[in-house]
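# Structure at a glance
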12 protein chains.
Amino acid sequence: MNKILVLHGPNLNLLGQREVGVYGTLTLEQINDALEAFAGEHDILVETYQSNSEGDLVTKIQNAKGSWDALVINPAAYTHTSIAIRDALAAIDIPVVEVHLSNIYQREEFRHRSLTAPVAIGIISGFGVDSYLLGLRAAFNYLSR
Amino acid sequence: MNKILVLHGPNLNLLGQREVGVYGTLTLEQINDALEAFAGEHDILVETYQSNSEGDLVTKIQNAKGSWDALVINPAAYTHTSIAIRDALAAIDIPVVEVHLSNIYQREEFRHRSLTAPVAIGIISGFGVDSYLLGLRAAFNYLSR
Amino acid sequence: MNKILVLHGPNLNLLGQREVGVYGTLTLEQINDALEAFAGEHDILVETYQSNSEGDLVTKIQNAKGSWDALVINPAAYTHTSIAIRDALAAIDIPVVEVHLSNIYQREEFRHRSLTAPVAIGIISGFGVDSYLLGLRAAFNYLSR
Amino acid sequence: MNKILVLHGPNLNLLGQREVGVYGTLTLEQINDALEAFAGEHDILVETYQSNSEGDLVTKIQNAKGSWDALVINPAAYTHTSIAIRDALAAIDIPVVEVHLSNIYQREEFRHRSLTAPVAIGIISGFGVDSYLLGLRAAFNYLSR
Amino acid sequence: MNKILVLHGPNLNLLGQREVGVYGTLTLEQINDALEAFAGEHDILVETYQSNSEGDLVTKIQNAKGSWDALVINPAAYTHTSIAIRDALAAIDIPVVEVHLSNIYQREEFRHRSLTAPVAIGIISGFGVDSYLLGLRAAFNYLSR
Amino acid sequence: MNKILVLHGPNLNLLGQREVGVYGTLTLEQINDALEAFAGEHDILVETYQSNSEGDLVTKIQNAKGSWDALVINPAAYTHTSIAIRDALAAIDIPVVEVHLSNIYQREEFRHRSLTAPVAIGIISGFGVDSYLLGLRAAFNYLSR
Amino acid sequence: MNKILVLHGPNLNLLGQREVGVYGTLTLEQINDALEAFAGEHDILVETYQSNSEGDLVTKIQNAKGSWDALVINPAAYTHTSIAIRDALAAIDIPVVEVHLSNIYQREEFRHRSLTAPVAIGIISGFGVDSYLLGLRAAFNYLSR
Amino acid sequence: MNKILVLHGPNLNLLGQREVGVYGTLTLEQINDALEAFAGEHDILVETYQSNSEGDLVTKIQNAKGSWDALVINPAAYTHTSIAIRDALAAIDIPVVEVHLSNIYQREEFRHRSLTAPVAIGIISGFGVDSYLLGLRAAFNYLSR
Amino acid sequence: MNKILVLHGPNLNLLGQREVGVYGTLTLEQINDALEAFAGEHDILVETYQSNSEGDLVTKIQNAKGSWDALVINPAAYTHTSIAIRDALAAIDIPVVEVHLSNIYQREEFRHRSLTAPVAIGIISGFGVDSYLLGLRAAFNYLSR
Amino acid sequence: MNKILVLHGPNLNLLGQREVGVYGTLTLEQINDALEAFAGEHDILVETYQSNSEGDLVTKIQNAKGSWDALVINPAAYTHTSIAIRDALAAIDIPVVEVHLSNIYQREEFRHRSLTAPVAIGIISGFGVDSYLLGLRAAFNYLSR
Amino acid sequence: MNKILVLHGPNLNLLGQREVGVYGTLTLEQINDALEAFAGEHDILVETYQSNSEGDLVTKIQNAKGSWDALVINPAAYTHTSIAIRDALAAIDIPVVEVHLSNIYQREEFRHRSLTAPVAIGIISGFGVDSYLLGLRAAFNYLSR
Amino acid sequence: MNKILVLHGPNLNLLGQREVGVYGTLTLEQINDALEAFAGEHDILVETYQSNSEGDLVTKIQNAKGSWDALVINPAAYTHTSIAIRDALAAIDIPVVEVHLSNIYQREEFRHRSLTAPVAIGIISGFGVDSYLLGLRAAFNYLSR
């Protein structure tokens, strides 16, 4: 049974309440439920975790080593500013899939650059909650190969 | 029944023969077979088309209007240079999913910029042939909503 | 009798159907009719040609030499990316007028640069179909001097 | 009867005396005569005004509001440096046509950028005195629609 | 016997007619004759091909694989804009020599960058028709090693 | 009665001890006292909070929603580096006033850019402790309108 | 009694008539009235002056020396283009407060840079007419220290 | 007898009162006296003129044509921002010498660029009042050749 | 007896386990032991502290004031992104030595810039664990002077 | 009989010993022998000279005037940094051919720019020792025309 | 009696023979004669020295300390590339005047930047041999103050 | 016994006389004495060499190969401009330690970039003479491993 950790970056705890025009009305809880439903169907063990703190995320990523087979992460704002998270992702020997709810190429110039993408196996961006489900599937397929 | 057109940009006809270390050993034919298998399972009508010519791709995209419900496109090299393809994608009222075999953020600086991504609903990059299958699924899910 | 060739670049065949808010409801056929009506009134022979292909446009421009007295061209997306069209325009000894339906300075940053304008005698941008008619008139006036 | 104000920016009072190779031998007076001849033929009321002062031009533009139906302006050097003129043009509810005698794309890099073009309906550049006549016609056609 | 394909990019069919001051009076036919004369002397089989179309050139390059031992290419305008040609050149396992009639470092800034040079074994630029002959010789020497 | 939360970013707890030449001798406590004195006079409820942690500030901002009517924030160093704080400020539906003790335009180049300012209603910079008092007043006036 | 001069830059005489969505419906006269009301309450002598001319503003600023105790200035468009006004402000030994009606960080990229801010004691931006009143207060507080 | 016009740009009327550490204690009047003394010794007719207004300076330069044999100008702040003054200097057929009191290379980055220098015969920068005297001498020597 | 605090930034707790090719096989514990051995030999009191959190490091640095005589810090990823740590280091009156295990000039472009180095007395980069020992020695020598 | 001087820039004396993977095992002596063999076959007089000093190379180039008919130069590192060598090459009226052993477009970004190429008739880069032989031939052909 | 050393940078020994259109027909010897004539008239001791070598010039500058009262230098190509000469000029306590024969602002972009100017008291550029004489005079006047 | 060569770049022979505020009062001789004292204590053979000439330093570095076990170099100004020194350092198979007296990150922007650092094992910057001693120790430790 594959074990996949799903990490949510800063402000994602506000989903469903914040900028509904951009992010839709689904809450983070509903996204987590959908991820767990998918996991149940595919015999994956999934854990989800959200934090607003760069340092917490770094530590959480470090601890993934040895405990999890893959990581799905939406680094949110830290995508564009955190070399620390990039270094943590690069340090562990676990495949990483980066996901974004919105299409980062349709947003401000400073969101087009991803510091974390080069250390992920791939990125999925723009499909709302489906980005997470596709990301989980991508990680699962990757492990199955 | 949803009808989805899959377009392959320049040099993708060489898949399986070219830079196997980067792109894997699957041929374009095998990718197309996989796409059709997926389509068969989900009651989608899929057509695939490859061209090395920017103008051909523009015309093919234009003609999609009215005939197809969604477009999955890997613009390959034209991702980074073709405003004409961008304009064609923006001109038709059909959802577009952009896919890439390799992770464009791990490659040369000039491949980090996508001219076409801002007119797609989302992009999927880095999962090899799985990028296509996830992209087809993303388009299908989008149409199902 | 002056002979003037009018070239339409990629995606202009979609006029009237595409982004009507930006480009208006006139079709390319109606624009061509207006150009021919103007030509008839001023004793000009006009031919119009549209292509989505950079290479076709290059060849068409090359062939203008010796057959046509002036060129009116809307290079559309190729305005910003095609050195090949620029070189073709520079290679023939025929006055060139560059026209644009929309005001390129009101659009994305990457549309502010014109690779072709430096080899044209002048540019007209932003007046919709009137850009073409003013451009044809500018070419005609130029030949009349 | 349409009323159109034509504004000439700095140094245009030197036309015909200065850099004849670039700007031709026509004087500003002759250009104004040509504009008035055109206006007479098309039942337009035209006034022309030249100033070397950015502040004067700003005030003149402000006063156009309510008195004139359209503005044709050759901001000359201020095209590239004056946000104040841009703001004045944006503040009045009158269509503006920007014209240039020479083709600004064939000149120094710093003349390729136009601060005023984004607030004009369109620009005409490179046709010598014909730029003014085409510009007046463009404004007239715009008002006639 | 070595087989070497020589590709001429856009507008090179105009040689001898166009900008004679820059490119000299030799026609493409005369260049091809010179290449064949050289080939005859050195027991090389040479074929020459010119196209204005980026897509055609991509396809022609792809087909070189297996049929030709080396490629000499003057990508002309596409040198500076075509990632598709670069990718095609990188995809085939054949040594490539890039040649230019004029010295690209003496021309506009945008011609100083070559997208194709990094995937060639070397470049020769500035010697007129001799660039081709030196390029053919370089390819031949390379194969002889 | 209006409720306004005042947030102090990293290192502001050192005020009065650090770089007295730049920041003056007032301590953070004295600033908070001044804010509360002002609040008392104007029937505002004020709370102040300082943190060195980006994540803590994000969480504190998120929690402001529903509890506070306005936010006055001096993001200090995070002004220039934190997209996470920007996103948090944008996510809550509360007016935000950004304040700085020193004039950020008189300091290093990298302090001229503010990532947070575009999501604030306005910014006040350079007046020492008075920046806070003017900011509190600005927020109060904004709520009173 | 403190004497404070308030300067309004180009196009501010149009307030209340122009782009009401951005600048509100208050006229410059009403702003001046508010400033004088505030001055009356605080025993300040206030004079206001508006000009569209960079040179006039430079001269007005120069003359402030010896006559006024402080300057509040909204340089409007000249904020971003006038080194002459910056030099004038730096040359007089009077504290300067820079104010803006709108939040310059929410506008076009070229409005984010302020040439004048580094020679002011501070800036206040984004609070509409309140920017002026807060600016006058800031100047007054500064003089009172 | 040579006739040389000396123009002083914005804020130079403040010399001797302003930033004495940078510009010294000489007043503009004393500089003008020194210029006239020099002129007297060398049989030159000199006139001096100062203005804070870009438009005034443009007009003054235009009028120099036909009346003066050479121009010595310290464009001060307009050195770096005025294309209008550059165009005026280029339009008249009179040799121009550009002078600066301070060494512009020792000051802010934005003062290193001179828009006017390319249309002057030469520039002299950094010698205080001696810059003017050397500039007048340079113009005189130039005319004497 | 000198008291020196040694701070380790994010991900340094993974040393010896992570990217062994780059960082070697020594663990952080072994580095700390080596530092303490050195301290013992030189009569220095050393304390070491590692954190993944920017805010924690800021607080730890602030508290160093008054308790420690010097600081040796490897800010790791925060070297390139943290203005908050820079401000904390600048705020305390204690000499700071910046150290890096790897040579930051041999790594990605974004690691060449150090935000913290300008507020340190010096930096030592590229010697593995020896960077720490040399850094401790440098701090010790500095205090001994 | 043509006389051609061949100059080798800094570090080329190390050939065959240094970075053999990049530059091959030929020594500079062997390259010089090959050049002389070629010269012997074509009735050319060749002299070769190597120096690590920019100034020496400048002097050597200056002295070529009048003594040599053409120059073949591999400026090595000075290609990218020496305006002095560029000026020397431009000052003598002798055709110059620039050669490089490696393909400079495949190396670090700072090696893509050539300061000397614009004053050469052409450049040859990437063919190892054959670059020299082709360069000598190019110079010879040029003189023979 | 003032002692002034005049240094000529690389390639200036070619004056009168090289690019006569740009630099005139005067030889370096004639310039030196003119400098000595001037020196004779003003009771100055002048020595002139030319070198093509950056290191020689550095050493010559270093030795000036204690032996000469001022330095006039035309660093030629090294103006734009030599930090070593800049450092030498900054290290000696002697006033330095930088001169250029041509107007560096009328030449290539890379000649607009001067690394040495910030450590000179001033620069004189564009007056041919007169630049030297004016420079010597400027140095002399400076010493006389 | 380890043999380590210490190279001093341009202007370092002036130490103790020049800019004492920045570099301290130690002379180069005293630094060399300190290096030799250290060498004596650690059984190292040390030689020191200073040159103002880039070419000399290149040659000295080349000759180190085979004679010395390690190199400690302070390239001074050439750090930022010399690709030739970089290439020489890369060409020899000897470990290199780069040292700087001052902290290059606290100085002008153009001193932040090091062309030589990427080919050194590490750099030490900012500790005055101690930079040399730490650098010698670093080289010694490296050899001892």
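Counting secondary structure elements, chain A contains 6 helices and 5 strands. Starting at the N terminus and walking to the C terminus, you meet the elements of chain A as β-α-α-β-α-β-α-α-β-β-α. The C-alpha radius of gyration of chain A comes to 14 Å, within 12% of the 15 Å expected for a compact globule of 145 residues. The principal-axis extents of the C-alpha atoms in chain A amount to approximately 40 × 30 × 25 Å. When contacts within chain A are restricted to residue pairs at least 6 apart in sequence, long-range pairs at least 24 apart make up 76% of them. In the form shown here, chain A has an accessible surface area of approximately 4,800 Å², with 46% of it arising from carbon and sulfur atoms.

Time to look at the interface of chain A and chain B. Listed per partner, the contact involves 24 residues of chain A and 24 residues of chain B. Here chain A meets chain B over a buried area of about 2,000 Å², counting both sides, of which 53% is carbon and sulfur. By the criterion of area lost to chain B, the three top residues of chain A are A:Tyr105, A:Ile123 and A:Phe127, representing 34% of everything that side buries. At the junction of chain A and chain B, the tally comes to 0 salt bridges. At the level of elements, β5 (122-125) and α6 (129-144) of chain A are the ones that each hand at least two residues to the side of chain A that touches chain B. Among the elements that take part in the side of chain A that touches chain B, α6(A) stands out by supplying 5 residues, more than any other. By residue class, the composition of the side of chain A that touches chain B is 12 nonpolar, 8 polar and 4 charged. Pairing geometry for β5(A) and strand β5 (residues 122-125) of chain B, over 3 bridges, is antiparallel. Along β5(B), the bridge assignment pairs A:Ile124 with B:Ile124.

Counting across every chain of the model gives 0 aromatic pairs over all chains. The side chain of A:Lys60 reaches across the aromatic face of A:Tyr49, ending 4.3 Å from its centre.

Tallying each qualifying case throughout the model produces 48 salt bridges over all chains. We note a salt bridge from B:Arg86 to C:Glu108, for which the minimum N-O separation is 3.4 Å. Of this pair, B:Arg86 sits in helix α4 (residues 83-91) while C:Glu108 sits in the loop between β4 (96-100) and β5 (122-125), on two different chains. Of the residues examined, C:Glu108 reaches a relative accessible area of 27% and is grouped as partly exposed.

For the pair chain A and chain B, the relating rotation is 180 degrees, the translation along its axis is 0.0 Å, and the fit reaches an RMSD of 0.0 Å. On the angle and the small slide along the axis, the relation comes out as a two-fold axis. In terms of C-alpha distance to the rotation axis, chain A has A:Ile124 as its closest residue, with the C-alpha 2.2 Å off the axis. Both copies share a contact surface, since 100% of the interface residues of chain A are interface residues in chain B too.

Spatial strand order, β2(H)-β1(H)-β3(H)-β4(H)-β5(H)-β5(K)-β4(K)-β3(K)-β1(K)-β2(K): 10 strands in an open sheet with mixed pairing. The open sheet has two edge strands with one neighbour each: β2 (44-50) of chain H together with β2 (44-50) of chain K. In this sheet, neighbouring strand axes are inclined to one another by 20 degrees on average, regardless of whether the strands run parallel or antiparallel. Of the strands in this sheet, β1 (2-8), β2, β3 (70-74), β4 (96-100) and β5 (122-125) of chain H together with β5 (122-125) of chain K touch helix α5 (residues 129-144) of chain H, which is tilted by about 145 degrees from β1(H). Running at roughly 175 degrees to strand β1 (residues 2-8) of chain K, helix α3 (residues 54-64) of chain K makes contact with β1, β2 and β3 (70-74) of chain K of the sheet.

Our next topic: the confidence of the model for chain A. Averaged over chain A, the pLDDT score is 95; the fraction of residues at 70 or greater is 99%. Both scores are available for the predicted complex, with the pTM at 0.95 and the ipTM at 0.94.

On the basis of relative accessibility, which here comes to 9%, the residue I:Arg86 falls in the buried class. Those residues within four positions of I:Arg86 in sequence are excluded, and the remaining contacts are F:Glu108, F:Phe110, F:Arg111, I:Leu115, I:Thr116, I:Pro118 and I:Val119.

Often the size quoted for an interface is simply the accessible area lost on bringing the parts together. The partner chain I presents 17 residues to the 15 residues of chain A that form the contact. Taken together, both faces of the contact between chain A and chain I bury some 1,300 Å²; the carbon and sulfur share is 51%. It is A:Gln62, A:Ile83 and A:Asp87 in chain A that bury the most area against chain I; as a group they hold 40% of the surface buried on that side. Across the chain A-chain I interface, the total number found is 2 salt bridges. Across the contact surface, chain A and chain I share 7 residue pairs in polar contact (both at pLDDT 80 or more). Only α3 (54-64) and α5 (83-91) of chain A provide two or more residues apiece to the side of chain A that touches chain I. No other element matches the 7 residues that α5(A) contributes to the side of chain A that touches chain I.

Our focus in this paragraph is the relation of the copies chain A and chain I. At an RMSD of 0.0 Å, chain A and chain I line up after a rotation of 120 degrees and a shift of 0.0 Å along the axis. Put plainly, the chains are arranged around a three-fold axis. For chain A, the residue whose C-alpha comes nearest the rotation axis is A:Thr81, separated from it by 4.2 Å.

Residues and elements named next belong to chain E. Running from amino to carboxyl end, helix α2 (residues 28-41) crosses helix α6 (residues 129-144) at an angle of 30 degrees, the nearest separation of the two axes being 10 Å. Classified by the angle between their axes, α2 and α6 sit roughly parallel to one another. Seen along the crossing, α2 lies across α6 with a hand that is right-handed. Of the residues in α6, those in contact with Ile31, Ala34, Leu35 and Phe38 of α2 are Val129, Tyr132, Leu133, Leu136 and Arg137.

A few words now on helix α4 (residues 83-91) of chain J. Where burial is concerned, most of α4(J) is hidden: 8 out of the 9 residues are buried. Of all the residues in α4(J), the buried ones are J:Ile83, J:Ala84, J:Ile85, J:Arg86, J:Asp87, J:Ala88, J:Leu89 and J:Ala91. The inward-facing, buried residues of α4(J) contact α3 (54-64), β3 (70-74) and β4 (96-100) of chain J together with α4 (78-81) of chain K. Two or three places before J:Ala84, at the start of α4(J), stands the capping residue J:Ser82, its side-chain oxygen 3.5 Å from that residue's backbone nitrogen.

Attention now goes to unusual backbone geometry. Of note in this structure, F:Ala76 is not a glycine but carries a positive phi near 50 degrees. Overall, the relative accessible area of 16% leaves F:Ala76 in the buried class. Backbone geometry places J:Asn11, a non-glycine residue, at a positive phi of 75 degrees. By secondary structure assignment, the location of J:Asn11 is in the loop between β1 (2-8) and α1 (20-23).

Here chain G and chain I are not in contact; the least distance found between their C-alpha atoms is 21 Å. A gap remains between chain G and chain L, with no contact made and the closest C-alpha atoms lying 20 Å from each other.

The rules behind the values
- Residues numbered from 1 in each chain as written.
- Chains lettered and ligands numbered in written order.
- Predicted model: local features only at pLDDT ≥ 70, side-chain atom pairs only at ≥ 80, totals over all residues.
- Heavy atoms only, no water.
- Helix = DSSP H or I, 4+ residues; strand = E, 2+ residues; numbered from the N terminus.
- Rg over C-alpha atoms; globule rule 2.2 N^0.38 Å.
- Contact = heavy atoms within 4.5 Å.
- Areas by Shrake-Rupley, 256 points an atom, 1.4 Å probe, with all protein chains shown as cover.
- Buried area = accessible area lost by both parts, 1.4 Å probe.
- Salt bridge = Lys/Arg side-chain N within 4 Å of Asp/Glu carboxyl O.
- Nonpolar A, V, L, I, M, F, W, Y, C, P; charged D, E, K, R; others polar.
- Pairing = 2+ DSSP bridges.
- Phe/Tyr/Trp six-rings, centres within 6.5 Å; stacked < 30°, edge-to-face > 60°.
- Lys NZ or Arg CZ within 6 Å of the ring centre and 35° of its normal.
- Buried < 20%, exposed > 50% of the residue type's maximum accessible area, 1.4 Å probe, protein only.
- Least-squares fit on C-alpha atoms with pLDDT ≥ 70 in both.
- Axes fitted to C-alpha atoms, helices over the stretch in contact; angles between N-to-C directions.
- pLDDT = per-residue confidence, 0-100.
- Polar contact = N/O pair within 3.5 Å; in protein donor to acceptor, adjacent residues only side chain to side chain.
- Parallel < 35°, antiparallel > 145°, perpendicular 65-115°, else oblique.
- Left-handed = near helix turned anticlockwise from the far one by under 90°.

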